[in-house]
Amino acid sequence: MTDATTTEISIRPERVRVWDIWVRLFHWLLVASITIVAVTGFLFDASWIALHIVAGLSAVALVVARVIWGFLGPTHARFANFLRRPAVVLSHLTGKESGRYLGHNPAGGVMMLGLMGIVLMLGVTGLAGLGGVLRTGPLLSLPYPVGAAGLEIHEALAVLLLVMILAHIAAAIFESRRSRENLVRSMLSGTKESRPGDHTGHPERARPFIALFLILGLAVTATLLLPNGGRAPVGAPVAELDASFDDECSACHLAYHPSLLTGSEWRALMAGLEDHYGEDASLDPETTARITDWLVAHDAATVQTRPARMFAGTLGTSAVSMTDSRVWNHLHEDVREEIFLRAPVYSKSNCSACHGDAETGWFSPFHIQIPKEPSK
Amino acid sequence: MKYLLILPLCLLAAPLAAQSTTPSDLIANYTAEAGVAASAERGQALFTASHTGGKPDTPSCTTCHGADPRAAGLARTGKPIEPLAPLANPERLTDLKFVEKWFGRNCNSVLGRDCTSAEKADVIAWLSSL
C-alpha cells in the first residue's frame, strides 16, 4: 500500500482530494434530513407527520444513491475502499495496526455501513407503519398488527440511530485529535493532508454517467410505485353515514363515527339515551332501533384503524367517555389543558375542532390542526 | 349526476316531511291545549331562571342556548347552537315534530319533567317576540 512519494517528506504538506463533491453533498444533505426527521419524530407532535415522511424518504433516497456511488464512485467513495475484513477492523480497533487511512478507517467503514443500513430499515418500517396503521402509502393494505409491529421497530431503530450518530460524532472528534487534523473540515473542503505511510487504497475512476442513469431509473420507479394510486385500503371505516344517525346524533356534538366503539358499547349507549352524559337525548323507539343496528353493523370490529384499536372497549369499563380514558389522555398529554377550554374548541369532546377528518373515523395525523383563538 | 335528480325531489318532499308550521300556529295550538293565554314574560322567566329539578349539568335553558336567544348558543360539547329566536333564525319553530322532540328532551334535562302546553306557548311567545 505504500508508493514512492510516501518515503520523501515534503516541507509543506500536500493536500489531496479525498471526498468528492457527491460524497460531501450526500453527507451534509443526510445530516439535514436526519435532523429534520429526528426533530419531527422525537420532539414534535403527530401533526408534523408529512414533513417527517418527506425528510425520512429523502434520507432513504440519499442512502440509496450513496450505495450506488459506493460501487461506481471514485476511490474513497467506494465500499471496497473502506469495508475491510473483520480481522482488520479488530486490529485497527485494538490499536495493533498503525498507519493512517486517507478515506474512512476500518472502524469508520463499519459505522458507515451501519448508519446506512439503519436508515434503510427505518424507511421500510416507517412505510410499514404508514401502511398498516395509518393505512396509506405503498403498503396500505398491510394487516394492522404488522404495521403496529413495524412502528415499534421503527422507534427502537430511531433510538439506535441516534446513539450511533453520537458515537460517529465522538469518533470524528477523537480521530481529529489523535491524528491532528480537522476531519469535519475535510468533509466540507473534501481535501486532507497527505502524509507518509497513508493507506490510500486502490485508485478507482468514477463512473458518473452509469451512476446517474441508475439513480434516475430508481427515482422514476419509486415515484411510480410509492403513491398508493387511489387504491382504497382494506378495513376502511364506513364512508357514508346513515341519514337518521347523521341527523339525530350530530345536534349536540359531531357525529362520533361508529368505528370508534364496539357493538356492545353502542348498544349500551343507545339503551340509555334518556340520561346521555347528563342530558336527555331520547329518541322514538323505531329511530333508536334503526340507528343502533347501523352503529353495530359498522363498529370497531369491522375496521382496521388506529382510533378503533385505541378507543374501542374503553367505555363502560374504565372510562365514561373516550376523553377520560387513559389512552385518549396519553395521546393528548402535550396539548395544553387551556386549549380545550378556550374558543373555538371549548371542550375535549369537540374532536372536529382539531381533527379535520374526525367525522370519517380516521383521525389521521395528516389532518390535525389546532385552531387559533379568534381575536375579539 | 344522481344528486341533480334527487335535489328537486327533496325540495318537493321537504314541506310534507317537515310538518311545516309557524310560531304563531304553534302558540295557537299550545294555547288551545292549555286553555290560558300565552305570556312572553312568563316564557322569559322560565327560560332564564335556574331550576333544580333536572339534571345537575343543565340547570337552565341558557346553559346551552345562552341568555340571548337572538345569538348562537353553545352545547356542552363545544358545538355551536344556532339562535332560537325566529327573527335571527327563520328555520326555528317551523317543524312541530322537531319542536316537540326538543321540548321533550330539554324540559326533562332542565326541569326533570315535561313542559306543560302553557309553558311551551309562553316560551314560543317570548322567542317570537324578540
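Residues numbered from 1 in each chain as written. Chains lettered and ligands numbered in written order. Predicted model: local features only at pLDDT ≥ 70, side-chain atom pairs only at ≥ 80, totals over all residues. Heavy atoms only, no water.

- Chain B is annotated in an unreviewed UniProt entry as Cytochrome c domain-containing protein of Aliiruegeria lutimaris.

- An unreviewed UniProt entry annotates chain A as Cytochrome b originating from Aliiruegeria lutimaris.

### As for the overall build of chain A
- Across its full length, chain A carries 14 helices and two strands.
- Each of the three principal axes of chain A carries a C-alpha extent, and together these read 100 × 45 × 40 Å.
- Sorting the 376 residues of chain A into buried and exposed places 43% on the buried side.
- When the accessible surface of chain A is summed, it comes to about 20,800 Å², and 66% of that surface belongs to carbon and sulfur atoms.
- Separation between the mean location of the 30 positive side-chain charges and that of the 35 negative ones in chain A comes to 22 Å. (Helix = DSSP H or I, 4+ residues; strand = E, 2+ residues; numbered from the N terminus. Buried < 20%, exposed > 50% of the residue type's maximum accessible area, 1.4 Å probe, protein only. Areas by Shrake-Rupley, 256 points an atom, 1.4 Å probe, with all protein chains shown as cover. Lys, Arg positive; Asp, Glu negative; His and termini not counted. Charge placed at Lys NZ, Arg CZ, Asp CG, Glu CD.)

### Some words on the overall build of chain B
- The helix and strand inventory of chain B stands at six helices and two strands.
- Order of helices (α) and strands (β) in chain B, N terminus to C terminus: α-α-α-α-β-β-α-α.
- Out of the 130 residues belonging to chain B, those deemed buried represent 38%.
- In chain B, the proportion of contacts linking residues at least 24 apart, taken out of those at least 6 apart, comes to 57%.
- Element-wise, carbon and sulfur atoms account for 62% of the exposed surface of chain B, whose accessible area totals about 7,400 Å². (Contact = heavy atoms within 4.5 Å.)

### Observations concerning helix H2 (residues 23-34) of chain B
Residue and element names in this part refer to chain B.
- If you check H2, its first and last C-alpha atoms are 16 Å apart, about what 12 residues at 1.5 Å a residue would give, namely 16 Å.
- Pro23, Leu26, Ile27, Tyr30 and Thr31 are the residues of H2 that are buried. Buried residues of H2, viewed axially, fall in a sector of 125°; they line one side. Residues Ser24, Ala32 and Glu33 are exposed on H2 and point more than 90 degrees away from its buried face.
- Tucked inside the fold, the buried residues of H2 contact helix H5 (96-111) and helix H6 (117-129).
- Immediately beyond the C-terminal end of H2, within one or two residues, lies glycine 35, with a positive phi of roughly 80°. (Expected span 1.5 Å × (residues − 1). Arc of directions from axis to C-beta.)

### Observations concerning the confidence of the model for chain B
- Residues at a pLDDT of 70 or more form 85% of chain B, whose mean pLDDT is 88.
- In the predicted structure, residues 7-17 of chain B sits below a pLDDT of 50 and forms two contacts with residues beyond four places in sequence or in another chain. (pLDDT = per-residue confidence, 0-100.)

### A short note on the domain arrangement of chain A
Residues and elements named next belong to chain A.
- Under the domain assignment used here, chain A contains domain 1 (9-225) and domain 2 (243-367).
- The distance between the C-alpha centroids of domain 1 and domain 2 comes to 45 Å.
- The three residues of domain 1 that bury the most area against domain 2 are Leu134, Arg135 and Tyr144, which together make up 55% of that side's buried surface.
- At the surface where domain 1 touches domain 2, the tally comes to zero salt bridges.
- Summed over the shared surface of domain 1 and domain 2, the result is one residue pair in polar contact (both at pLDDT 80 or more).
- A per-element tally of the side of domain 1 that touches domain 2 places helix H2 (residues 49-72) first, with three residues. (Domains from an automatic or database assignment. Buried area = accessible area lost by both parts, 1.4 Å probe. Salt bridge = Lys/Arg side-chain N within 4 Å of Asp/Glu carboxyl O. Polar contact = N/O pair within 3.5 Å; in protein donor to acceptor, adjacent residues only side chain to side chain.)

### As for the packing of helix H3 (residues 40-48) of chain B against H6 of chain B
Residue and element names in this part refer to chain B.
- Two elements in contact, H3 and H6, have axes whose closest approach is 7 Å; the angle formed by their N-to-C orientations is 100°. In terms of axis orientation, H3 runs roughly perpendicular to H6. For the pair H3 and H6, the contacting residues are Ala40, Arg42, Gly43, Gln44, Leu46, Phe47 and Thr48 in the first and Glu119, Asp122, Val123, Ala125, Trp126 and Ser129 in the second.
- Partitioned by chemical class, the residues of the contact of H3 with H6 number six nonpolar, four polar and three charged. (Axes fitted to C-alpha atoms, helices over the stretch in contact; angles between N-to-C directions. Parallel < 35°, antiparallel > 145°, perpendicular 65-115°, else oblique. Nonpolar A, V, L, I, M, F, W, Y, C, P; charged D, E, K, R; others polar.)

### Here's the deal with the side chain of histidine 253 of chain A
- Here histidine 253 of chain A shows up in the loop between helix H9 (243-248) and helix H10 (263-271).
- At 3.5 Å, the side chain of histidine 253 of chain A and the backbone oxygen of cysteine 249 of chain A are in polar contact.
- If we ignore the near neighbours within four places in the chain, the residues touching histidine 253 of chain A are His276 of chain A together with Thr77 and Lys79 of chain B.

### Regarding the UniProt feature "transmembrane region" (unreviewed entry) in chain A
Residues and elements named next belong to chain A.
- Using the residue numbers shown here, the UniProt feature "transmembrane region" (unreviewed entry) corresponds to residues 21-43, 49-69, 110-133, 153-174 and 209-227.
- For residues 153-174, helix accounts for 100% and strand for 0%, while the C-alpha atoms at its two ends are 31 Å apart.
- Across residues 209-227, the secondary structure splits into 89% helix and 0% strand, with the terminal C-alpha atoms separated by 28 Å. (UniProt positions renumbered as here; feature names shortened; annotations may be inferred.)

### Remarks on the UniProt feature "domain: Cytochrome c" (unreviewed entry) in chain B
- Annotation from UniProt places "domain: Cytochrome c" (unreviewed entry) at residues 38-130 of chain B.
- Overall, residues 38-130 of chain B shows 45% helix and 4% strand. The separation of its end C-alpha atoms is 15 Å.

### Concerning the pattern of salt bridges
- All chains considered together, the criterion is met by 17 salt bridges over all chains.
- Where glutamate 248 of chain A meets lysine 101 of chain B, a salt bridge forms, and the shortest distance between an N and an O atom there is 2.6 Å. Of the two residues, glutamate 248 of chain A sits in helix H9 while lysine 101 of chain B sits in helix H5, which places them in two different chains.
- Classification of lysine 101 of chain B as partly exposed rests on a relative accessible area of 22%.
- One salt bridge connects glutamate 373 of chain A with arginine 342 of chain A, and the closest N-O pair in it is separated by 3.8 Å. Residue glutamate 373 of chain A is located in the segment after helix H14 (337-341), and its partner arginine 342 of chain A is located in the segment after H14; the two are separated by 31 residues in the primary sequence.
- Judged by relative accessible area, arginine 342 of chain A falls into the partly exposed class, the value being 21%.
- Bridged by salt links that share partners, the residues Arg100, Glu181 and Asp198 of chain A form one connected network.

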